[in-house]
Amino acid sequence: DLQLITSIGGISSSMSSCTDPFNNVYYLGTGSTILGFNINTGAIVTNFTIPYPGYCNKIVFNSCDTSIYALQNYNSVVNLVRFKPSTNSISVIFSQNYPIGFCGGCNGFINPDNQTYTLDMGSHIIGIDLNNGQILYNSAIVDIPFEQFGHICLDCSSNIIYGTSANVNAGIKYLASI
């Protein structure tokens, strides 16, 4: 059953989120801030303003180094950034013109085996090396006709990417894999 924990403000499909399972914190990236909420109480435990101009999104928690990774977009330059909740600090790992655009509801994951930040970009999936910011792959999503694949996550035991496939004409959503 759906349980409302706390009010967190306005609505936007461009927000992104992740959780820190070790500290029971839900992080919400609003673009200009990263908010952290205690999962049990709803209390705000982090309220960090992104010090760079532009928009920061597609946040993903890395359980290997307990950092949050995100893309920060400003004037066609995209930074791969790392936010460390333990020190409330953010740093730019790499600046590049990554092929990103607006994709409401798109998300990603970090593969802990090879430290790759994998992102659903709407029409394609990209993999970014967390150590140097280089794009490792940029693969088109080849949808079944009338289907749209998204909301991806990784099954680490099989390395299969799961997500949803929505048939917008029929109004039906499926669990899918690639």
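In case you missed it, the structure is sitting above this.
Just so it is clear, the structure is predicted and the values come from calculations on it, not from any experiment.

Enquirer: In this structure, what is going on with the sheet that holds strand β3 (residues 33–38)? I would like to understand it.
Expert: Strand pairing in a sheet relies on backbone hydrogen bonds. The paired strands run either parallel or antiparallel. Pairing is antiparallel in the open sheet, where four strands are placed in the order β1-β2-β3-β4. Two strands in the sheet have a free side with no partner beyond their single neighbour: β1 (16–20) and β4 (44–49). Direction aside, neighbouring strands of the sheet carry axes that sit 15° apart on average. Judged from the five bridges that link them, β1 and strand β2 (residues 25–29) form a sheet pairing that is antiparallel. What sits directly across from cysteine 18, in β2, is tyrosine 27.

Enquirer: What should I look at first to understand unusual backbone geometry in this one?
Expert: As a rule of thumb, non-glycine residues mostly have phi less than zero, and peptide bonds are mostly trans rather than cis. A positive phi is found at asparagine 24, a non-glycine position, where the angle reads about 55°. Inspection of the secondary structure puts asparagine 24 in the loop between β1 and β2.

Enquirer: What exactly am I supposed to notice about the nonpolar core here?
Expert: In summary, soluble globular proteins display a tendency toward joint burial of nonpolar side chains. Ranked by internal contacts, the top residues of the largest apolar core, which has 14 residues, are Tyr27 and Ile68. Top element by residues in this core is strand β5 (residues 55–62). It accounts for three residues. If we ignore the near neighbours within four places in the chain, the residues touching isoleucine 68 are Cys18, Tyr27, Ile34, Ile59, Val60, Phe61, Val81, Arg82, Phe83 and Pro85. Core analysis: the second largest hydrophobic core is formed by 13 residues, Leu71, Leu80, Ile110 and Met121 among them.

Enquirer: I'm lost on the environment of arginine 82 in this one. Help?
Expert: Position of arginine 82 relative to the elements: it lies in strand β7 (residues 77–84). Excluding anything up to four places from it in sequence, arginine 82 contacts Asp65, Ser67, Ile68, Tyr69, Ser89, Ile90, Ser91 and Ile93. Of note is the side chain of arginine 82, whose polar atom sits 3.2 Å from the side chain of tyrosine 69.

Enquirer: Help me out: how do you make sense of the pairing of strand β9 (residues 108–111) in this one?
Expert: Two faces belong to every sheet, and in a regular strand the side chains alternate between them. Residues Gly108 and Ile110 point to one face of β9 and Phe109 and Asn111 to the other, with burial holding for every one of them. With four bridges connecting them, β9 and strand β10 (residues 116–120) associate as antiparallel partners. Note that in β10 the partner of phenylalanine 109 across the bridge is threonine 118. Where β9 folds back onto β10 in an antiparallel hairpin, the turn is made up of four residues, including glutamine 115, whose phi is positive at roughly 55°.

Rules used throughout
- Going along each chain's sequence as written, the residues are numbered from 1 onward.
- Local features in this predicted model are restricted to residues whose pLDDT is 70 or higher, and side-chain atom pairs enter the listing and the counts only when it is 80 or higher, whereas totals over whole chains, interfaces and linings include all residues.
- Excluding hydrogens and water, the side-chain figures rest on all heavy atoms present in the structure.
- Note on pairing: DSSP must find at least two bridges between two strands before they are called paired.
- Secondary structure counts use DSSP, requiring at least four H or I residues in a row for a helix and at least two E residues in a row for a strand, with both numbered from the N terminus.
- With axes taken as lines fitted to C-alpha atoms, and helix axes fitted only over the stretch in contact, angles between N-to-C directions fall between 0 and 180 degrees.
- Joining through side-chain atoms within 4.5 Å is the link that ties buried Ala, Val, Leu, Ile, Met, Phe, Trp, Tyr and Cys residues into a set, and such a set is a nonpolar core.
- Burial classes: relative accessible area under 20% of the type maximum marks a residue as buried, over 50% as exposed, and values in between as partly exposed (1.4 Å probe, protein chains only).
- Whether two residues are in contact is decided by their heavy atoms, any of which lying within 4.5 Å being enough.
- Under this definition, polar contacts are N or O atom pairs within 3.5 Å; protein pairs additionally need one hydrogen-donor-capable and one acceptor-capable atom, and for neighbouring residues in sequence, both atoms have to be side-chain atoms.

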